[in-house]
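As a plain string of letters, each chain reads:
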Amino acid sequence: MKEDDGTGPPNRELYALLHLSPEASDEEIRRAYRQWAQVYHPDKYQAPHMKEIATENFQRICEAYEILSDENKRQIYDIYGMEGLNSGLELGPKLNKVEEIKEQLEKLKRMKEQQKMSALFLPKGSIVANLSLPEFLDGDGIMRGMAMSSAVQSQLSKSSALSLSGNLGVEENSGAGAASAVFRHQIASGSTIEFMGSVGLGSLIGVQMTRQLSLHSTATLGIAKSFHDGSINLSNVWTRQLSDTASGNIELLLGPQSSIGVGWQKKDQNTSAAGEVKFGTNSFGISARYTRRFSSKSHGRIAGRIGSAALEVEVGGGRKVSDFSTVRMLYTIGIRGIFWRFELHRGGQKLLIPILLSRDLNPVLATGALVVPTSIYFILKKFVFKPYYLKREKQKALENMERTATQVQEARKAAAKAQQLLENVANRKRNKQQEIGGLVITKAIYGNHKALKKGDELRETNDELASQVLDVTLPLNFLVNDSGQLKLHDGVKKSGIMGFCDPCPGEPKQLHVEYTYHGERYEVAVDDYEELIIPQIAHRV
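Here's a quick rundown of the structure. Predicted model only: the values in this text are computed from it and were never measured.

The rules behind the values
Residues numbered from 1 in each chain as written. Predicted model: local features only at pLDDT ≥ 70, side-chain atom pairs only at ≥ 80, totals over all residues. Heavy atoms only, no water. Helix = DSSP H or I, 4+ residues; strand = E, 2+ residues; numbered from the N terminus. Contact = heavy atoms within 4.5 Å. Polar contact = N/O pair within 3.5 Å; in protein donor to acceptor, adjacent residues only side chain to side chain. Phe/Tyr/Trp six-rings, centres within 6.5 Å; stacked < 30°, edge-to-face > 60°. Buried < 20%, exposed > 50% of the residue type's maximum accessible area, 1.4 Å probe, protein only. Axes fitted to C-alpha atoms, helices over the stretch in contact; angles between N-to-C directions. Parallel < 35°, antiparallel > 145°, perpendicular 65-115°, else oblique. Nonpolar A, V, L, I, M, F, W, Y, C, P; charged D, E, K, R; others polar. Pairing = 2+ DSSP bridges.

What to know about the environment of Glu 194
Next, step 1: Examined against the element boundaries, Glu 194 turns out to sit in strand S5 (residues 191-200).
Next, step 2: Considering only alpha carbons, one finds Glu 194 and Gly 222, 28 residues apart in sequence, at a separation of 9.0 Å.
Next, step 3: Apart from the residues lying within four places of it in its own chain, the contact partners of Glu 194 are Val 182, Phe 183, Arg 184, Gly 206, Val 207 and Gln 208.
Next, step 4: Within the structure, Glu 194 has its side chain in polar contact with the side chain of Arg 184 (distance 2.8 Å).

Some words on the packing of aromatic side chains
Next, step 1: Using the criterion set out here, one finds ten aromatic pairs in the structure.
Next, step 2: Ring geometry for Tyr 15 against Tyr 77: centres 6.3 Å apart, planes inclined by 45 degrees, an arrangement best described as tilted. Within this pair, whereas Tyr 15 is found in helix H1 (residues 13-17), its partner Tyr 77 is found in helix H4 (residues 71-85), the two being separated by 62 residues in sequence.
Next, step 3: Relative accessible area serves as the criterion here: at 0%, Tyr 77 is assigned to the buried category.
Next, step 4: Ring geometry for Tyr 515 and Tyr 522: centres 5.0 Å apart, planes at 5 degrees, overall stacked.

Points about the packing of helix H3 (residues 48-68) against helix H7 (residues 363-435)
Next, step 1: Between H3 and H7, whose axes approach to 10 Å, the crossing angle comes to 105 degrees. Here H7 runs roughly perpendicular to H3, going by the angle between their axes. Here Met 50, Ile 53, Ala 54, Glu 56 and Asn 57 of H3 come into contact with H7, specifically with Lys 417, Ala 418, Gln 420 and Leu 421.
Next, step 2: Here the residues of the contact of H3 with H7 are counted per class, giving five nonpolar, two polar and two charged.

Some thoughts on the pairing of strand S11 (residues 271-280)
Next, step 1: Examined bridge by bridge, strand S10 (residues 259-267) and S11 share nine bridges and lie antiparallel to one another. The partner of Gly 261 across the bridge, within S11, is Lys 278.
Next, step 2: Counting the residues that bridge the hairpin from S10 to S11 gives three residues.
Next, step 3: In this sheet, strand S12 (residues 284-293) lies alongside S11 in antiparallel orientation, the contact comprising nine bridges.

A look at unusual backbone geometry
Next, step 1: With an omega of 5 degrees, the peptide bond between Ile 534 and Pro 535 qualifies as cis.
Next, step 2: Positive phi, normally seen in glycine, also occurs at His 19, with a value near 60 degrees.
Next, step 3: Within the fold, His 19 resides in the loop between H1 and helix H2 (26-40).
Next, step 4: Even without being glycine, His 518 reaches a positive phi, approximately 55 degrees.
Next, step 5: Of note, His 518 is situated in the loop between strand S21 (509-517) and strand S22 (520-527).

Structural notes on the sheet that holds strand S18 (residues 440-448)
Next, step 1: The strand order across the open sheet formed by four strands is S19-S18-S21-S22, and the pairing between neighbours is antiparallel. Each edge of the open sheet carries a strand with a single partner, namely strand S19 (469-471) and S22. Adjacent strand axes in the sheet meet at a mean angle of 15 degrees when their direction is disregarded.
Next, step 2: Taken together, the eight bridges between S21 and S22 define a ladder with antiparallel strand orientation.

Here's what the structure looks like:
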């Protein structure tokens with residue numbers, strides 16, 4: 001029995017098969033097995049083809065019950081799915097307790113992770129190319145300077161990591177560089193120590209310790225000695241989790257350039273914001289940033305900085321162009337001049353190109369520098385990017401359909417066979433509910449949420465859309481209980497329910513249900529893993 005490879009909570013197919021919640025008790029599992037066994041037991045059918053269908057589905061029911069009724073096997077299944085059960089782990093006297101099984105599986109998992117980590121290197125790098133339009137127009141060349149940095153981190157063990165980095169900067173006739181190393185070791189649960197060293201520009205050596213003071217608070221204390229001027233610098237940072245999505249920090253630096261700063265960060269699914277106030281020996285600064293995600297692929301950003309050395313506002317946005325690449329354009333206006341900045345992020349690599357447009361705050365140029373690229377972007381988005389992405393998504397969907405066509409065809413046949421055995425009981429329940437004015441499922445469609453939105457008429461004339469949905473009216477009528485209620489459990493993928501199947505693997509799915517209750521019409525649509533309880537007044541049409 002295979003688990004679904006799509007997104008969402010894993011390892012729930014067996015619960016869907018028996019129509020159970022993942023938190024079901026042993027008694028609920030036994031009761032569900034008896035109910036399904038009465039429907040699918042082969043001895044109930046005389047016709048050879050019906051007996052064959054019953055035998056096939058009865059074996060599925062028995063397998064699900066065998067696993068979920070065994071405390072050890074259920075524990076393995078909940079954590080690792082069928083792969084964990086089929087891994088060859090012996091369930092003998094040496095592993096006869098749930099805790100022992102879980103501990104052994106966690107140990108095996110840690111060993112695999114350590115093997116991966118020992119050979120894992122996490123490279124990061126950036127290239128910054130500073131361009132100047134005024135200097136180019138004056139005939140001095142467009143390049144103002146360039147800076148490059150690169151870092152690689154190796155996980156030496158589960159508790160130790162080594163990071164090596166280097167940077168190089170060139171501006172006009174001067175340049176500088178540095179190389180550094182950081183060794184990080186977790187000395188205890190919640191405590192980490194770092195040893196760092198740097199040679200070149202800003203050479204130093206230092207040590208830093210981080211400790212989790214409580215569930216929501218962390219403190220970092222560091223000391224570093226500079227080889228450039230012989231000074232000693234002390235740092236102390238306190239971080240506090242203010243809520244599920246927000247945190248704050250206080251930073252204190254003591255040395256030649258002493259400062260104190262207070263910061264705040266908040267990040268949720270669609271927005272992120274941050275602010276900082278910092279006072280130094282001869283300077284001060286206030287900065288704020290707000291980012292809003294408009295879709296899974298695009299976001300906008302606005303930021304501002306004010307202080308003794310800065311006064312500027314920055315606006316812009318970015319777009320994800322592939323699974324690993326994001327492009328971003330930002331517009332900045334302030335006392336330093338008017339800038340465009342283009343960014344390309346791919347994996348851990350960044351290419352940043354700031355372009356100085358003007359050192360003077362000319363209103364016409366400032367307006368044009370904001371309006372022109374914005375207009376160009378929206379025109380390209382409407383007439384180039386969007387058609388391209390729609391075409392690419394459609395091509396991927398077609399390729400996925402071709403690749404899974406045989407799998408879907410077999411799954412549809414299995415679902416149709418399962419519905420055959422449910423038909424008599426489902427119709428009997430439906431007729432009983434009709435007589436008492438109870439819950440009757442008049443129509444239920446499960447499948448690709450885009451295909452469901454197209455409507456019945458279009459699906460009937462479009463074979464491609466019709467192949468991505470499945471009529472599940474009959475199995476839902478079967479699942480209506482004697483009290484005239486229907487419940488589909490939260491976190492359980494609906495394609496695993498008896499009489500269902502996945503008509504479009506890899507695509508997001510919904511269940512659309514139309515039903516009547518006490519002579520009133522109702523309608524509801526839920527996502528694949530979402531809980532459904534009917535009837536409800538909120539569903540009334």
